[in-house]
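# Residue-level structural notes
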Amino acid sequence: MCNTLGSRTFTLQELHAFSADILKKAFPSNNNIEAKVRQTLQYLRDDNLVQFNEAQRGHYTLLAELLESEVEESAKSLILSQPTEKREYLIETFARNKGWVKQAKEKLGHSCLLYKCENTFKKPNGERYIEVHHIVPLCEGGEDGIWNLSVLCAHH
């Protein structure tokens, strides 16, 4: 009910209006549903799940759980309270010679070298897209030369 109202505070009348139809279906032989609502409310008070508001006579406050809207706000606060982690990486890369890339495309073409592959596509300028890769990677001692290059589609 509190989720529907969007508030932790409610009156006996609001609780009765919300639960009357539910209780009538659950207890069809009970002709005094309002008393059942008050009894249930008393059980909730005894278990410290709700509290009677002395300042606002006739009002009760839900103590037991967070409302759906509060859960979302609570999760946001938890996320925002965590500091951003800073990471530093030191990486070493091999920069290939762009001249060899151009040579590979001129000599090997703009189609994937895998048998019967037709996955290449056209770039906005109309040229076919192809990637140039080393057969033996530079990091494994491969050479940066046309004899060690292959043209492949983005899929392969």
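Residues numbered from 1 in each chain as written. Predicted model: local features only at pLDDT ≥ 70, side-chain atom pairs only at ≥ 80, totals over all residues. Heavy atoms only, no water.

Time to look at the packing of aromatic side chains. The final tally for this structure, using the stated rule, is 2 aromatic pairs. Both rings, one in Trp 100 and one in Trp 147, keep their centres 5.6 Å apart while their planes meet at 70°; by these two values the pair is edge-to-face. Of this pair, Trp 100 sits in helix H5 (residues 98-108) while Trp 147 sits in the loop between strand E4 (131-134) and strand E5 (149-152), and the two are 47 residues apart along the sequence. Here the aromatic rings of Phe 121 and Tyr 129 are separated by 5.1 Å at their centres, their planes lie at 15°, and the arrangement is stacked. On the basis of relative accessible area, Phe 121 is assigned to the partly exposed category, the value being 44%. (Phe/Tyr/Trp six-rings, centres within 6.5 Å; stacked < 30°, edge-to-face > 60°. Helix = DSSP H or I, 4+ residues; strand = E, 2+ residues; numbered from the N terminus. Buried < 20%, exposed > 50% of the residue type's maximum accessible area, 1.4 Å probe, protein only.)

The biggest cluster of nonpolar side chains holds 12 residues, and these are Phe 10, Leu 12, Leu 15, Ala 20, Leu 23, Ile 33, Val 37, Leu 41, Val 50, Phe 52, Tyr 60 and Leu 62. If you list the elements that add at least two residues to this core, you get helix H2 (12-26), helix H3 (33-46), strand E2 (50-53) and strand E3 (59-62). No other element matches the 4 residues that H2 contributes to this core. Counting 6 residues, the second largest nonpolar core, distinct from the first, contains Ala 104, Ile 130, Leu 149 and Val 151. (Core = buried A, V, L, I, M, F, W, Y, C linked by side-chain atoms within 4.5 Å.)

Turning our eyes to something else, we now look at the packing of H2 against H3. Running from N to C, H2 and H3 cross one another at 115°; their axes reach a closest spacing of 9 Å. On the basis of the axis angle, H2 is roughly perpendicular to H3. In this structure, H2 meets H3 at a crossing whose hand is right-handed. Seen from H2, the contacting residues are Leu 12, Leu 15, His 16, Ser 19, Ala 20, Leu 23 and Lys 24; seen from H3, they are Ile 33, Glu 34, Val 37, Arg 38 and Leu 41. Here the residues of the contact of H2 with H3 sort into 7 nonpolar, 2 polar and 3 charged. (Axes fitted to C-alpha atoms, helices over the stretch in contact; angles between N-to-C directions. Parallel < 35°, antiparallel > 145°, perpendicular 65-115°, else oblique. Left-handed = near helix turned anticlockwise from the far one by under 90°. Contact = heavy atoms within 4.5 Å. Nonpolar A, V, L, I, M, F, W, Y, C, P; charged D, E, K, R; others polar.)

With 3 bridges joining them, strand E1 (residues 9-11) and E3 adopt antiparallel strand pairing. Opposite Thr 9, over in E3, you have Thr 61 as the bridge partner. Relative to E3, E2 runs antiparallel, the two sharing 4 bridges. The partner of Phe 52 across the bridge, within E3, is Tyr 60. The antiparallel pairing of E2 with E3 creates a hairpin that spans 5 residues between the two strands, and Gly 58 there sits at a positive phi of about 85°. (Pairing = 2+ DSSP bridges.)

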